[in-house]
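# Residue-level structural notes
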Amino acid sequence: AEAITDGESGLPLGLMPGYPYEAKTITLEQGEALLVFTDGVTDAVSPTGAMFGFEGVREALNGQDTVFAEVRPQGVGESLVQAVRKHAAGKAQN
């Protein structure tokens, strides 16, 4: 898995009007997928105050290569949402 980091992506969309975003081109090969999610995923907080973060995304999708190849994108999204909900354990999020 390859990630576009904060340093490569710039500010979140809509945060600052007129911000000069740079374009990035990624070539996907057959069987590869692109996962896009909001900061609500990485910013999810557990009852102990731990953030889900990019590491939580990686852990949630670790070993999911077969899921990407065999299941519709909805299944991948549902797996990630379930992992975030488990992490949050019912704690209200911002």
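Residues numbered from 1 in each chain as written. Predicted model: local features only at pLDDT ≥ 70, side-chain atom pairs only at ≥ 80, totals over all residues. Heavy atoms only, no water.

Let's shift gears to the environment of Gly-56. Position of Gly-56 among the secondary structure elements: in helix H3 (residues 53-61). Judged by relative accessible area, which is 10%, Gly-56 ranks as buried. Linking Gly-56 and His-87, residues 31 residues apart in sequence, is a C-alpha distance of 8.6 Å. (Helix = DSSP H or I, 4+ residues; strand = E, 2+ residues; numbered from the N terminus. Buried < 20%, exposed > 50% of the residue type's maximum accessible area, 1.4 Å probe, protein only.)

This part covers helix H5 (residues 73-88). For H5, spanning 16 residues, the distance from its first C-alpha to its last is 23 Å, which sits close to the expected 22 Å at 1.5 Å a residue. Along H5, the residues classified as buried are Gly-75, Val-76, Leu-80, Ala-83, Val-84 and Ala-88. Trailing H5 by a residue or two, Ala-89 shows a phi angle of about 50°, which is positive. (Expected span 1.5 Å × (residues − 1).)

Limitation: the analysis is restricted to geometry and does not speak to function.
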